[in-house]
Amino acid sequence: MPLVVICGYPCSGKTKRAEELKEYFDRNTERKVYIVGDGALGVERNTVYADSQKEKEVRASLKAEVERKLNKDDVVILDSVNYIKGYRYELFCLIKHAQTPHCLVYCLTSDEQSSSWNRSRNADEQYSQDIFDALVQRFEAPDSRNRWDSPLFTILKDDNLPFESISDALLKRRAPPPNQSTQSQPLTSVNFLYELDKITQEVLMEIFNAQKTSVPGDFISVPGATEKISFLCTITNINMAELRKLRRQFISYSKMHPIENTAQIANMFVQYLNKSYH
């Protein structure tokens, strides 16, 4: 169901707003509400945000946890800095894939106010000043003109959350339409990906073995395919690295355009290879 992305400077009141939203939905709906955030992952902020690779891994873990919890019934609240607009775009693609609405709650504070709140925390919960300053400097503020930042609710420190407006944005608004890059593909066979990988690998092995005995002019038969490999007619030394590259391209295309009858995969792959080499 809907996703609420909360963003703002470190120590800008994000967790408080997430808890307020959860309480509202718990009280006014029958939906389960999940808060996903740094706290649940046990993130040691001064260690993670000082290392770009570790920070990237944390963002990936948060995104994966959001993806696991998104469904048709529940509300998911992502409570993190979410300061990178590219990452917010990735989350937007995620909700398009899940075909569910989302909104952004931006906790807007000055860096002086957030820094003051940071210093008032227990020592083990504080950001170091260097990490705090770096996150503030890198922060990319949301813009409602961007579809991934809209609808946008900007909340100042003394504001009350507009609960009804947020609820309407999540529960009464249609999900953004999926596109080819985000739409869940109708894999009619649960074994489609397995068969795709296995059959294309078998075709490559047939070509590899055929090189040992074939001569120019031979057509190579492939088990499960009525089409024959024809490019051996003119090529004596097959570049296996190139074949593997073509296999990866064919698999990527097939994932986006799955077929019901997996028995056709071998023929389709042979045709793809023949056309690629002609």
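Each chain carries its own residue numbering, running from 1 in the written order of its sequence. The model is predicted, so local features are restricted to residues of pLDDT at least 70 and side-chain atom pairs to those at 80 or more, both for listing and for counting; the totals for chains, interfaces and linings are taken over all residues. Each side-chain value is worked out from all heavy atoms of the structure, with water and hydrogens disregarded.

## Looking at the environment of Phe 269
For step 1, the next point in the chain: Only DSSP runs of H or I with at least four residues qualify as helices, and only runs of E with at least two residues qualify as strands; both kinds are numbered from the N terminus onward. Along the chain, Phe 269 falls in helix α11 (residues 265-277).
For step 2, the next point in the chain: The sequence separation of Phe 269 and Leu 196 amounts to 73 residues, and the corresponding C-alpha distance is 9.5 Å.
For step 3, the next point in the chain: Discounting residues that sit within four places of it in the chain, Phe 269 has contacts with Thr 200, Val 203, Leu 204, Leu 246, Arg 247 and Phe 250. Should any heavy atoms of two residues lie within 4.5 Å, those residues are counted as being in contact.

## Here we look at the confidence of the model for the protein chain
For step 1, the next point in the chain: Every residue gets a pLDDT, meaning the predictor's confidence in that residue, from 0 to 100. The pLDDT averaged across the protein chain works out to 86; a share of 90% of its residues lies at or above 70.
For step 2, the next point in the chain: The low-confidence segment residues 180-188 (pLDDT under 50) makes 19 contacts with residues lying over four places distant or belonging to another chain.

## A few points about the packing of aromatic side chains
For step 1, the next point in the chain: Aromatic rings from Phe, Tyr and Trp, taking only the six-membered ring of Trp, are treated as a pair when their centres fall within 6.5 Å; an angle between ring planes under 30 degrees marks them as stacked, one over 60 as edge-to-face, and anything in between as tilted. In total, this model carries 9 aromatic pairs according to the counting rule given.
For step 2, the next point in the chain: Ring geometry for Tyr 24 versus Phe 163: centroids 4.9 Å apart, planes at 15°, classification stacked. Highlighted residues: Tyr 24 in helix α1 (residues 14-28) and Phe 163 in helix α8 (residues 163-171), separated in sequence by 139 residues.
For step 3, the next point in the chain: You can call Tyr 24 buried: its relative accessible area is 13%.
For step 4, the next point in the chain: On the numbers, 5.5 Å between centres and 50° between planes, the contact of Phe 250 with Tyr 272 is tilted. Placement of the pair is Phe 250 in helix α10 (residues 240-256) and Tyr 272 in helix α11, with a sequence separation of 22 residues.
For step 5, the next point in the chain: What links up through ring pairs into an aromatic cluster is the set Tyr 9, Tyr 106 and Phe 139. Throughout, exposure labels follow a simple rule: accessible area from a 1.4 Å probe, protein chains only, divided by the maximum for the residue type, with under 20% read as buried, over 50% as exposed, and the rest as partly exposed.

## Focus: helix α4 (residues 52-69)
For step 1, the next point in the chain: Here, expected helix span is obtained from the residue count minus one, scaled by 1.5 Å. Compared with an ideal rise of 1.5 Å per residue, which puts 18 residues at 26 Å, α4 spans 26 Å between its outermost C-alpha atoms and is within 8% of the ideal.
For step 2, the next point in the chain: Within α4, the full set of buried residues consists of Glu 55, Val 58, Leu 62, Glu 65 and Val 66. Summarising the axial view, the buried residues of α4 lie within an arc of 100°, below the 170-degree limit, and thus occupy one face. Along α4, exposed side chains directed more than 90 degrees from the buried face belong to Ser 52, Lys 56 and Arg 68.
For step 3, the next point in the chain: Among the residues of α4, the N-terminal cap falls to Asp 51, whose side-chain oxygen and the backbone nitrogen of Gln 53 are separated by 2.9 Å. This arc is taken over the directions from the axis of the helix to the C-beta atoms. Polar contacts, as counted here, are pairs of nitrogen or oxygen atoms within 3.5 Å of one another; within protein the pair requires one atom able to donate a hydrogen and one able to accept it, and residues that are adjacent in sequence qualify only if both atoms are side-chain atoms.

## As for the sheet that holds strand β2 (residues 33-37)
For step 1, the next point in the chain: Strands were regarded as paired on the criterion that DSSP finds at least two bridges between them. Taken in spatial order, the 5 strands of this open sheet run β2-β3-β1-β4-β5, and their pairing is parallel. This sheet does not close on itself; its edge strands, each paired only once, are β2 and β5 (152-155). Across the sheet, the mean angle from the axis of one strand to that of its neighbour is 20°, orientation sign disregarded.
For step 2, the next point in the chain: Examined bridge by bridge, β2 and strand β3 (residues 75-79) share 5 bridges and lie parallel to one another. Counterpart to Tyr 34 in the pairing with β3 is Val 76.
For step 3, the next point in the chain: Sitting on the sheet, α1 is in contact with β1 (3-8), β2, β3, β4 (102-107) and β5, with an inclination near 170° to β3.
For step 4, the next point in the chain: Sheet strands touched by α4: β1, β2 and β3. Its angle to β2, the strand with the most contacts, is close to 165°. Axis definition: a line fitted to C-alpha atoms, over the contacting stretch in the case of helices. Angles run 0 to 180 degrees between N-to-C directions.

## Side note on the pattern of salt bridges
A pair can form between side chains of opposite charge whenever their charged atoms are brought close.
For step 1, the next point in the chain: Think of a salt bridge as a Lys or Arg side-chain nitrogen and an Asp or Glu carboxyl oxygen that are within 4 Å of each other. A full pass over the atoms with the stated rule returns 15 salt bridges.
For step 2, the next point in the chain: For the salt bridge of Arg 27 with Glu 23, the shortest nitrogen-to-oxygen distance reads 3.5 Å. Residue Arg 27 and its partner Glu 23 are both found in helix α1; the two are separated by 4 residues, about one turn of the helix.
For step 3, the next point in the chain: Here Lys 172 makes a salt bridge to Asp 168, at a shortest N to O gap of 3.5 Å.
For step 4, the next point in the chain: Accessibility expressed as a relative area gives 68% for Lys 172, which makes it exposed.

## Overview of the layout of surface pockets
For step 1, the next point in the chain: Put simply, the largest pocket is a space of about 410 Å³.
For step 2, the next point in the chain: In this analysis, the protein atoms alone were mapped onto a 1 Å grid. Cavities are point sets where a 1.4 Å probe fits without being able to get out; pockets are open sets with protein on both sides within 12 Å along at least five of seven lines; lining residues have an atom within 4 Å of a point. If you go around the largest pocket, you meet 21 residues; those closest to its centre are Thr 15, Asp 38, Gly 39, Arg 45 and Asp 79.
For step 3, the next point in the chain: When contributions to the lining of the largest pocket are tallied by element, the ones reaching two or more residues are α1, β2 and α2 (38-41).
For step 4, the next point in the chain: Under the scheme applied here, ten amino acids are nonpolar (Ala, Val, Leu, Ile, Met, Phe, Trp, Tyr, Cys and Pro), four are charged (Asp, Glu, Lys and Arg), and all others, including Gly, are polar. Its residues placed into classes, the lining of the largest pocket shows 9 nonpolar, 6 polar and 6 charged. Grid points are joined across faces, edges and corners, and a volume is the space filled by probe spheres set on the points.

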